[in-house]
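Structural features, examined
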Amino acid sequence: MPNDDLFCKIAAGEESAHKVYESENVIAFLDINPVNPGHILITPKKHYNDLLAADDEILQEMILVTRKVAAGIILAFDEYDAFNLKLNNGRIAGQVIPHLHWHIIPRKSGDGLTQWPGKQYGEGEAEEVAEKIKNQLA
Ligand SMILES: [Zn+2]
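Here is a short report on the structure shown in this document.

1. Some thoughts on the packing of aromatic side chains
- If you walk through the whole model with that rule in mind, you get two aromatic pairs.
- Between Phe7 and Phe29, the ring centres sit 5.5 Å apart and the planes meet at 70°, which makes this aromatic pair edge-to-face. You can see Phe7 sitting in helix α1 (residues 6-11) and its partner Phe29 sitting in strand β2 (residues 26-30), a full 22 residues away along the chain.
- Residue class for Phe7 comes out buried when judged on its relative accessible area of 4%.
- Ring geometry for Phe77 versus Tyr80: centroids 5.3 Å apart, planes at 55°, classification tilted.
- Overall, Tyr80 belongs to the buried group, its relative accessible area being 2%.

2. Observations regarding helix α2 (residues 56-76)
- With 21 residues, α2 ought to run about 30 Å at 1.5 Å a step, and its terminal C-alpha atoms sit 30 Å apart, in line with that.
- Those residues of α2 that sit buried are Ile58, Met62, Val65, Thr66, Val69, Ala70 and Ile73. In an axial view of α2, the angular spread of the buried residues amounts to 140°, which keeps them on one side of the axis. Along α2, the residues that are exposed and aim more than 90 degrees away from the buried face are Asp56, Glu57, Arg67 and Leu75.
- Where α2 is buried, its residues contact β1 (19-22), β2, β3 (40-44), β4 (82-86) and β5 (102-107).

3. A short note on the pairing of β3
- Of all five residues that make up β3, five are buried, and the element is covered over most of its length.
- Burial of the side chains of β3 extends over both faces: Ile40, Ile42 and Pro44 are buried on one face and Leu41 and Thr43 on the other.
- As defined by bridge partners, β2 adjoins β3 across five bridges and the pair is classed as antiparallel. Opposite Leu30, over in β3, you have Ile40 as the bridge partner.
- Relative to β5, β3 runs antiparallel, the two sharing three bridges. Note on β5: the bridge partner recorded for Ile42 is Trp102.

Procedures and definitions
Residues numbered from 1 in each chain as written. Predicted model: local features only at pLDDT ≥ 70, side-chain atom pairs only at ≥ 80, totals over all residues. Heavy atoms only, no water. Phe/Tyr/Trp six-rings, centres within 6.5 Å; stacked < 30°, edge-to-face > 60°. Helix = DSSP H or I, 4+ residues; strand = E, 2+ residues; numbered from the N terminus. Buried < 20%, exposed > 50% of the residue type's maximum accessible area, 1.4 Å probe, protein only. Expected span 1.5 Å × (residues − 1). Arc of directions from axis to C-beta. Contact = heavy atoms within 4.5 Å. Pairing = 2+ DSSP bridges.

Structure follows, in structure tokens:
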């Protein structure tokens, strides 16, 4: 069911985007505020709020499109030989448009994008945390 967010409008052709690839269910287009030129958004045409809401089949198609487009970016630009795949799932994680999408960010040395800071687990904490998650997956 379509929503009125920007990505539903792009999927419906009501808003324009610089599309680089489109299949029956998935579109890939330029992020309008790129970290580096060629920064791409991968999104399903059908509306899902986020990763947890999406069907298995659409996620499979999205990751295959992601690999195809990422390989194309690397081939298209001499300066890139690496990329980050980034999903902001939920508002607090930085998701701005409430329609599932993830970013392919082509990388070059000195581009200013840094990795997230890492913390340390306390004594016995890693075991507790792993157990808590495992219990929800059993
Ligand atoms: Zn939507």
